[in-house]
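Observations on the model geometry
As a plain string of letters, each chain reads:
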Amino acid sequence: MNNVIYVEFQKQSKRKLPRKRVFYLGQYYAGPPLCQSLEQLWLKRKPNNRWVFQQKIYGIVFEFEEYHGDDLLDALDAIPLVDEVTMDDLLEMGWRHQGEVIQL
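Everything numeric in this text was worked out from a predicted model, so none of it was measured.

Conventions and cut-offs
- Residues numbered from 1 in each chain as written.
- Predicted model: local features only at pLDDT ≥ 70, side-chain atom pairs only at ≥ 80, totals over all residues.
- Heavy atoms only, no water.
- Pairing = 2+ DSSP bridges.
- Helix = DSSP H or I, 4+ residues; strand = E, 2+ residues; numbered from the N terminus.
- Axes fitted to C-alpha atoms, helices over the stretch in contact; angles between N-to-C directions.
- Phe/Tyr/Trp six-rings, centres within 6.5 Å; stacked < 30°, edge-to-face > 60°.
- Buried < 20%, exposed > 50% of the residue type's maximum accessible area, 1.4 Å probe, protein only.
- Lys NZ or Arg CZ within 6 Å of the ring centre and 35° of its normal.

Concerning the sheet that holds strand 3 (residues 50-57)
- Ordered by their spatial adjacency, four strands build an open sheet running 1-2-3-4, and the pairing between neighbours is antiparallel. Only two strands of the sheet have a single partner each, and these edge strands are strand 1 (22-30) and strand 4 (60-68). With direction set aside, neighbouring strand axes in the sheet form an average angle of 30 degrees.
- In the sheet, strand 1 pairs with strand 2 (residues 37-46) via eight bridges, with the strands oriented antiparallel. Within strand 2, the position partnered with Ala30 by the bridge is Ser37.

In structure tokens:
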């Protein structure tokens, strides 16, 4: 004789991805120490948890290196942004990380 257990799983996830794919991160200082300029930086979400930094110069969009979701935090730490981007901001953008993030 078998015991049958019915389990109801959630059909939709709690956190939905926003419709837009390009997010404004803020400004960062570019150039040598005595000749710095403020540049604006965007972050583009691609399929399969891939992310690309974008910069607009004279109306032309330039894309930088593509990062996996797990490597995105290290890449953001290397950029001297004026305003800090928090993990909550990234989660609202649709960022997913695999594993546990330990903050020391």
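Focus on the packing of aromatic side chains
- Scanning the entire structure with this criterion turns up two aromatic pairs.
- Here Phe53 and Tyr67 contribute two aromatic rings whose centre-to-centre distance is 5.6 Å and whose plane-to-plane angle is 70 degrees, an arrangement assigned as edge-to-face. In this pair, Phe53 is assigned in strand 3 and Tyr67 in strand 4, connecting sequence segments 14 residues apart.
- Owing to a relative accessible area of 3%, Phe53 belongs among the buried residues under this scheme.
- Against the face of Trp42 rests Lys56, its NZ or CZ located 4.9 Å from the ring centre.

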